[in-house]
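Now for the letters of each chain:
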Amino acid sequence: MIKINSAELKKILEITPAAQNILLAGKHGIGKSQILTEFYESKGMKVVPLFLGQMSDPGDLIGLLNKNESTGKTEFMPPYWFPTDGKPIVLFLDELNRARPEVLQTIMDLALNKTLAGKKLPEGSRIISAVNAGDEYQLTDLDPALVSRFNVFEFVPSVPEWLLWAEKSGIDKRIVQFISENPDYLDGATLRREDMGLEKSPDRRGWYRLSEIINGVANASDEIYKKISAGIIGMPAATKFFAALSENRLLTAEEILTQNFKDIENTVKGYETSELAIINESLFRYIESKNYDKSKSAEIAKNFEAYFGLLILEMKQEAMGHFSNLYTSGTYPHAVSFIVMNAPKFQAKIIKFVNSIA
């Protein structure tokens, strides 16, 4: 199965004709429905999510039988979600491989002809489905004939994509920094409690919920917050997270870009290449998010340039290379524009370095 990230998914949604169906496989809580909803709602299309795993019989999907008094015949009443205004919709069939076999049979005609119990979806409507992938789920095997009606992709959004989203969305900065330093904990391994059959592990949905609770709380290391965190992201991840809060941490992008750079220069000099790579990403994310004080743009640009100048002065070749890759990757267009507009000499330094290693 071909793997795609968030940026590639958006391009696929843009390119794929409405007549073709898309199926996304991936773990729960990785943002499938959120990306789809934001993408299509930005284009003025309504997204209708249907959780097939919760449907007990086909009537939950196609509606109930009703006698037409004028014809004397029975027909299915349209379900609550069926569009009656003639406008195309995006029908998001979530948990496809958790649906009952009789519900899956109903999906066949819908996927092939965009028709449900004799009623056709408006022209231009799309069908996108999602399945959970992994041994930890109780799943239904899908009929190959049904799978053949979809373009199938494994959705694996990257950690940098999530971090940039988190920065833009105001996720608690302690969580953003923790994930940037411990990326394996974004979608951590599942931990099984054999005594109760319960499973709890960190995922993107969980980190979002934790941020809602601790955002703005200065002393989040209080015991009650540790227990709440363990209930959201699991005990091992919560233990690691709170241990990281009490340890000597890396400087944040805000600290590097908005303070007097001379005050933190020696600290930056002491960082290893792997730590500088984390900081590089955080600097670009900070500017790309546009959450900084615009009145401090000149100061931020000056410190950004001073940071790169320090990498040059200290001969941090790998960190410089990583920094330059971020600049040319296309992932941070606003950050690049910021440098061009506010620090043209800084841009010239970057271009010079890029040309030297080309």
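Predicted, not measured: the structure shown is a model, and the values here were computed from it. (Residues numbered from 1 in each chain as written. Predicted model: local features only at pLDDT ≥ 70, side-chain atom pairs only at ≥ 80, totals over all residues. Heavy atoms only, no water.)

### Details of the environment of Met341
- In this fold, Met341 is placed in helix α16 (residues 333-342).
- Once the C-alpha coordinates of Met341 and Glu288 are considered, the two residues, 53 residues apart in sequence, prove to be 14 Å apart. (Helix = DSSP H or I, 4+ residues; strand = E, 2+ residues; numbered from the N terminus.)

### Regarding the sheet that holds strand β10 (residues 150-155)
- Overall, parallel pairing links the 6 strands, which are arranged β1-β10-β2-β9-β6-β3 in an open sheet. Two strands lie at the open edges of the sheet, namely β1 (3-4) and β3 (46-51), each paired on one side alone.
- Its contacts with the sheet place helix α4 (residues 101-113) against β2 (21-26), β6 (89-94), β9 (126-132) and β10, and it is angled at close to 145 degrees to β6. (Pairing = 2+ DSSP bridges. Contact = heavy atoms within 4.5 Å. Axes fitted to C-alpha atoms, helices over the stretch in contact; angles between N-to-C directions.)

### Description of the pattern of salt bridges
- This structure, assessed with the given rule, holds 8 salt bridges.
- Asp172 serves as the salt-bridge partner of Arg174, at 2.9 Å between the closest nitrogen and oxygen.
- A residue is classified by how much of its surface remains accessible, and Asp172, at 3% relative accessible area, is buried.
- The salt bridge partner of Arg204 is Asp187, with a shortest N-O separation of 2.7 Å. You can see Arg204 sitting in helix α8 (residues 204-214) and its partner Asp187 sitting in the loop between α7 (173-181) and β11 (191-193), a full 17 residues away along the chain.
- When its relative accessible area of 7% is taken as the criterion, Arg204 is described as buried.
- Taking relative accessible area as the criterion, Asp187 reaches 25% and is therefore assigned partly exposed.
- Connected through salt bridges with shared partners, the residues Glu167, Lys173 and Arg285 form a single ionic network. (Salt bridge = Lys/Arg side-chain N within 4 Å of Asp/Glu carboxyl O. Buried < 20%, exposed > 50% of the residue type's maximum accessible area, 1.4 Å probe, protein only.)

### Considerations on helix α14 (residues 297-313)
- Along its 17 residues, α14 runs 24 Å from first to last C-alpha, staying within 8% of the 24 Å computed at 1.5 Å per residue.
- Where the residues of α14 are buried, they touch α11 (253-258), α12 (261-269), α13 (273-288), α15 (317-328), α16 and α17 (344-357).
- One or two steps after α14, the chain reaches Met315, where phi turns positive at roughly 55 degrees. (Expected span 1.5 Å × (residues − 1).)

### Some words on the pairing of β2
- The buried fraction of β2 is high, at 6 of 6 residues.
- By the alternation rule, side chains of β2 split into Asn21, Leu23 and Ala25 and Ile22, Leu24 and Gly26, which are all buried.

### Details of the nonpolar core
- Judged by nonpolar contacts, the single largest core of 39 residues is most densely connected at Ile287, Phe304 and Tyr307.
- Broken down by secondary-structure element, the contributors of at least two residues to this core are α11, α12, α13, α14, α15, α16 and α17.
- Apart from residues no more than four positions distant in its own chain, Tyr307 is found in contact with Phe261, Val268, Leu276, Ile279, Asn280, Leu283 and Phe323.
- In this structure, Phe82, Leu96, Leu121 and Phe150 belong to the second largest nonpolar core, which totals 27 residues. (Core = buried A, V, L, I, M, F, W, Y, C linked by side-chain atoms within 4.5 Å.)

### Some thoughts on the confidence of the model for the protein
- Mean pLDDT over the protein stands at 86; residues scoring 70 or higher make up 91%.
- Of the regions scoring below 50 in pLDDT, residues 190-198 engages in 13 contacts with residues more than four places distant in sequence or in other chains. (pLDDT = per-residue confidence, 0-100.)

### Section: the packing of α7 against helix α10 (residues 235-246)
- Across the interface, α7 lies against α10 with an axial gap of 10 Å and an inter-helix angle of 105 degrees. Taken together, the axis directions place α7 and α10 in an arrangement best described as roughly perpendicular. Taken together, the residues of α10 that come into contact with α7 (itself represented by Arg174, Ile175 and Phe178) are Ala237, Lys240, Phe241, Ala244 and Leu245. (Parallel < 35°, antiparallel > 145°, perpendicular 65-115°, else oblique.)

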